Amino acid sequence: MKQQTVIGIDLGGTNCRGALVGANGEIVAPQRIETAIAEGFDVFWARLVDFCRSLMGEGELRGCPVAGLGIGVPGLVARDGTVREAPNLAALDGFALTSRLEAELGIAVRVVNDVNAIALGEAQRGAGRAFGSFLMMTLGTGVGGGLILARQLWYGADGAAGEIGHVVVRPGGYPCGCGSRGCLEQYAAGPSILRAFHQLRSRSAMVAPRYARIRSAEEVAAAARQGCEAAQQAFAMAGCCIGQVLAGVANLLNLDGVVIGGGVADSFDLFIPSLRTEIDRRAFGVTAQRLQVVKAALGSQAGILGAAQLVREMI
Ligand SMILES: [Zn+2]
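Residues numbered from 1 in each chain as written. Predicted model: local features only at pLDDT ≥ 70, side-chain atom pairs only at ≥ 80, totals over all residues. Heavy atoms only, no water.

In the nomenclature of an unreviewed UniProt entry, the protein corresponds to Glucokinase from the organism Syntrophotalea acetylenica. For the record of the protein, the UniProt heading Sequence similarities (unreviewed entry) holds the text "Belongs to the ROK (NagC/XylR) family." (UniProt positions renumbered as here; feature names shortened; annotations may be inferred.)

Here we look at helix α8 (residues 268-282)
The terminal C-alpha atoms of α8 lie 21 Å apart, and with 15 residues this matches the ideal 21 Å at 1.5 Å per residue to within 8%. Taken residue by residue, α8 has F268, L270, F271, I272, S274, L275, E278 and I279 as its buried positions. (Helix = DSSP H or I, 4+ residues; strand = E, 2+ residues; numbered from the N terminus. Expected span 1.5 Å × (residues − 1). Buried < 20%, exposed > 50% of the residue type's maximum accessible area, 1.4 Å probe, protein only.)

Side note on the pairing of strand β8 (residues 134-139)
Counted residue by residue, β8 has 6 buried out of 6 residues, so it is predominantly covered. Here β8 shows no split at all, with F134, M136 and T138 on one side and L135, M137 and L139 on the other all buried. Bridge count between β8 and strand β9 (residues 143-149): 6 bridges; the pairing is antiparallel. Within the sheet, the bridge partner assigned to L139 lies in β9 and is V143. Following β8, the chain reverses through 3 residues before pairing antiparallel with β9. Here β8 pairs with strand β11 (residues 257-261) via 5 bridges, running parallel. In the strand pairing of β11, M136 is matched with V259. (Pairing = 2+ DSSP bridges.)

Topic: the environment of N113
Note on placement: N113 falls in strand β7 (residues 108-113). Given a relative accessible area of 8%, N113 falls into the buried group. Residues N113 and G25, spaced 88 residues apart in sequence, show a C-alpha to C-alpha distance of 20 Å. Here N113 is in contact with G72, V73, G75, V77, G145 and E163, once residues within four sequence places are set aside. Within the structure, the side chain of N113 is placed 2.9 Å from the backbone nitrogen of V115, a separation counted as a polar contact. A polar contact is formed between the side chain of N113 and the backbone nitrogen of N116, at a distance of 3.0 Å. (Contact = heavy atoms within 4.5 Å. Polar contact = N/O pair within 3.5 Å; in protein donor to acceptor, adjacent residues only side chain to side chain.)

Re the coordination of the zinc ion
Here the zinc ion is held by the protein donor atoms H166 (ND1), C176 (SG), C178 (SG) and C183 (SG), which lie 2.0 to 2.3 Å from it. For the zinc ion, the 4 donor atoms are set out with angles of 104 to 119 degrees between them, so the coordination reads as tetrahedral. Owing to a relative accessible area of 28%, H166 belongs among the partly exposed residues under this scheme. (Donors = N, O, S within 2.8 Å, 3.2 Å for Na, K, Ca; no water. Tetrahedral: all angles 85-135°; square planar, octahedral: opposite > 155°, others 65-115°.)

Notes on the layout of surface pockets
Over the atoms, a rolled probe matching the size of one water molecule traces out where space is still vacant. Here the largest pocket is characterised by a volume of approximately 1,600 Å³. Together, 50 residues line the largest pocket, and N88, D114, T138, T141 and G142 are the ones closest to its centre. Top contributing element to the lining of the largest pocket by residue count: helix α3 (residues 114-125), with 4 residues. Across the lining of the largest pocket, the residue classes tally to 18 nonpolar, 22 polar and 10 charged. Each of domain 1 (5-121 + 301-313) and domain 2 (131-296) accounts for three or more of the residues forming the lining of the largest pocket. Of the voids in this model, the second largest pocket is the one considered here, and its volume is about 210 Å³. For the second largest pocket, the lining is made up of 15 residues, of which A78, R79, R110, V111 and Y155 are closest to its centre. In terms of residues, the lining of the second largest pocket owes the most to one element, β7, which gives 5 residues. Within the lining of the second largest pocket, the residues separate by chemical class into 7 nonpolar, 5 polar and 3 charged. (1 Å grid on protein atoms, 1.4 Å probe; cavity = no way out; pocket = protein on both sides within 12 Å on 5 of 7 lines; lining within 4 Å. Points joined across faces, edges and corners; volume = space filled by probe spheres on them. Nonpolar A, V, L, I, M, F, W, Y, C, P; charged D, E, K, R; others polar. Domains from an automatic or database assignment.)

With respect to the sheet that holds β11
Strand order in the open sheet formed by 5 strands is β10-β9-β8-β11-β12, with mixed pairing between adjacent strands. Strand pairing shows two members of the sheet lacking a second neighbour, β10 (152-153) and β12 (292-295), which therefore form its edges. Against the sheet, α3 contacts β8, β9, β10 and β11, and its axis sits at roughly 50 degrees relative to β9. In the packing of α8 onto the sheet, contacts are made with β8, β11 and β12, and the angle to β12 comes to roughly 170 degrees. (Axes fitted to C-alpha atoms, helices over the stretch in contact; angles between N-to-C directions.)

Laid out in structure tokens, this is it:
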């Protein structure tokens, strides 16, 4: 059992979280550092390697030497472990993360897209356990996705599958960071909900002046719960766009479920009614009835668990 201890890491644009993960998925000695990519690639890389070594040292201290390391990164990951198109960690673009970490640490390393890791974590121990096939969706600064089909992660031909945030909902809509226009991300991510709220607010004389100071989707959610109709509508509109896309996904794949995580999922109750209505209106009856839409269960642990699971399968 001891030799099956691995490290799971969730590398984000802002924070890097990691832990030792035991053979039964138990999380031990969780640690966090700031990713600090703004300080330059060399500083970032030295900190990341130190972080990994410190977790390996923790394993030694506990008598459970680390056999491998799985790491989820916010970008497309090619099959050889090279990072491609990482908008929030652009310095990693084209970097052979797997082989470089293996050379530094001397243990097996597996690199995976961060939301794919979250999907695996939720499948293993979270809200996806009940589903054979489901879509993991994260709603935060952006909209991410990962597909579990027949209990296996679906990578796609190039490891780029699952990008649900870049399905178009408004053909002539807002330009998106991916180069397209009107992507779901532009209507359902936290900043998009904030933008929609201020547009609705500025058109209505009914909204209390204090709401003009709102600067985040969490504050929009608080206003919605205080009865502010513009705030409620901003979430309903996001739910509507997500539901339109999910109706198409349901018709295409006939999934058991959709698991929604990320910071915006804390406001699940504010967008689920309109989301559900769109699915039921647009998808085939059998398909819509099958599709359960639920909130993620594991929070920030999901990515750590999923990345750990992937490397464990290798060793
Ligand atoms: Zn896009």
